[in-house]
Amino acid sequence: MRLRTLPLALVLLVTAACGGEADAPGAPAGAAEAATDPSGGAGLTGTLTVFAAASLTDVFEDLGERLEGENPGLAVQFNFAGSSALATQITQGAPADVFASANQSQMTVVTDAGLESADPEVFTENVLEIAVPPDNPGEVTGLADFAREELALAVCAPAVPCGAAAEDVFGIAGVTPLPDTLEEDVRAALTKVELGEVDAALVYASDVASAGDAVEGIGFPEAEEAVNEYPVCVLTEAPNPEAAEAFVELVLSDEGQQALEDAGFRAPSA
Amino acid sequence: MTAPPPDSRRARAGGRRRTGAGVPAPLLVPAVLGVAFLVLPLLGLLVRTPWSSVGEQLAAPGVGQALRLSLLCATLATLLSLFLGVPLAWVLARSSVRWRGVLRALVTVPLVLPPVVGGVALFLVLGRKGLIGSWLDEAFGITIPFTTTAVVIAETFVAMPFLVISVEGALRAADTRFEDVAATLGAGRWTTFRRVTLPLVAPGVGAGAVLCWARALGEFGATITFAGNYPGTTQTMPLAVYLALQNEPEAAIVLSLVLLAVSLATLLLLRDRWLGRSGTTL
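Read on for an overview of the structure.

### Describing the interface of chain A and chain B
Part 1: Between chain A and chain B, the residue contacts involve 20 residues of the former and 21 residues of the latter.
Part 2: Buried surface at the junction of chain A and chain B, both sides included, amounts to about 1,800 Å², of which 56% is carbon and sulfur.
Part 3: Counting the surface chain A buries against chain B, the share from its top three residues, Glu184, Leu195 and Glu197 of chain A, is 32%.
Part 4: At the surface where chain A touches chain B, the tally comes to 1 salt bridge.

And the structure:
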């Protein structure tokens, strides 16, 4: 065992000990519970902890409730945040079952640490869109408007995925943006549009969809050059691997894909 | 309240050292645990600090800028809090305003409100579409969000209650007979406040200002919501630390240490210069 996984192993040992389970050495803590249920897929129990990119908030909460509905003994917990914050938490030993990232690079942080139990799978895609308040007070029509000094504009910080994607599309469009704020995550950028405090923000199509009538979305051709692929995987240290597999299956199923599409995402192209 | 002469001060310090061994166990054990609880996370930061690259991290563009902005905004927020908070504390402690209990509860709202919610609340009042903000925008063309002014306002909103509560406590503990005597000698209420009450509670005001400054310096949630995050105008150290944490955890640790070192140095310096003689306040 490598030294860096030692604290995690200790956490797991303590968890197992507290649960009073006589697990075989190395068996995941949740395995014993799941194995006692003969009905297979249904009847999952315990707590499932899903770490997911902030942009997945609405659709994953919906899918989580569906899984809970099918498995009365199961409680699904979410930790929604920027993918990079989540990747840091996971590599620091946060007890997560599933990681759904808003881009490949943060998933790589987790796979480089050897924490994925199977190869991550791309389950959906998201493209950038310009979000404006309903009456479009700044008369924004495209990316070029982000260079207008008189507008209040929000773009994600380059350190977070939506900011990295924004840098790409601005580079392709040859626009030097003049944002008033570099937001710490995409939801914070969206909130400022919803409050009418900025004239435009660069967010994902899914964020525009989730805001309903509170914002208008404006598509732009350069968005196709910075498509964000969302990978998901079950983690090796998952306290509840059975439920984790079930959740990933649900996300990849027709039902899950439909929910994602309704939320403004689109099916993976590959 | 008056400063004891140097001799008695030294004697008192010596006496304190002797009685140190006599701390009763029921107090000593939790106290030691308390110190460990507060200091161990700091130790964790120190252990993880990439000392070899500290110089490089500190020289990174934006660090000095964020630090200067943090110190400036926290200081302005403290001054604004003193200007508004000391009179407010006096009203809470001395006046017979009706609904004083309700008023006191309202003052503590920013303490319990999650700072991010505080930031949204500030938008709703001072934002472009806010109650007062929309009028400011239409009448004067002034917009507050995403400016350094917004940082100072957000920090003041979150930090001022610490000052108000400290000063109110000091006012309640102060002997009101001095004020009564001043009144019998013909001093008006304003003169009494200025010449008697304020000097009497000065240590409390100092301690409150220090708490307020420290809270303002570390403010994150209300600031990033209401003022946004832009290097040079609104990106304070806590915001820089948070964003560095996204992809350069080591830089985040170094930045945290800088913030910590600067704030500790300032507090220690202040303690010696101004607050030391009051002895018990810090």
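### Some details on the pairing of strand β8 (residues 200–204) of chain A
Residue and element names in this part refer to chain A.
Part 1: Along β8, 5 of the 5 residues are buried, which leaves the element largely enclosed by surrounding structure.
Part 2: For strand β5 (residues 128–132) and β8, the ladder comprises 4 bridges, and the chain directions are antiparallel. If you follow leucine 128 over to β8, its bridge partner there is tyrosine 204.
Part 3: With 2 bridges joining them, strand β6 (residues 153–156) and β8 adopt parallel strand pairing. Looking at the pairing, leucine 153 lines up with alanine 200 of β8.

### Observations regarding the packing of helix α7 (residues 115–126) of chain B against helix α9 (residues 148–173) of chain B
Residue and element names in this part refer to chain B.
Part 1: Where α7 meets α9, the closest approach of the two axes is 11 Å, and the angle between their N-to-C directions is 120 degrees. Our classification of the angle between α7 and α9 gives oblique. Crossing geometry of α7 relative to α9 is assigned as right-handed. Together, Gly118, Leu122 and Leu126 of α7 and Ile153, Ala154 and Phe157 of α9 make up the contact between the two elements.
Part 2: Of the residues belonging to the contact of α7 with α9, the class tally is 5 nonpolar, 1 polar and no charged.

Conventions and cut-offs
Residues numbered from 1 in each chain as written. Chains lettered and ligands numbered in written order. Predicted model: local features only at pLDDT ≥ 70, side-chain atom pairs only at ≥ 80, totals over all residues. Heavy atoms only, no water. Contact = heavy atoms within 4.5 Å. Buried area = accessible area lost by both parts, 1.4 Å probe. Salt bridge = Lys/Arg side-chain N within 4 Å of Asp/Glu carboxyl O. Buried < 20%, exposed > 50% of the residue type's maximum accessible area, 1.4 Å probe, protein only. Helix = DSSP H or I, 4+ residues; strand = E, 2+ residues; numbered from the N terminus. Pairing = 2+ DSSP bridges. Axes fitted to C-alpha atoms, helices over the stretch in contact; angles between N-to-C directions. Parallel < 35°, antiparallel > 145°, perpendicular 65-115°, else oblique. Left-handed = near helix turned anticlockwise from the far one by under 90°. Nonpolar A, V, L, I, M, F, W, Y, C, P; charged D, E, K, R; others polar.

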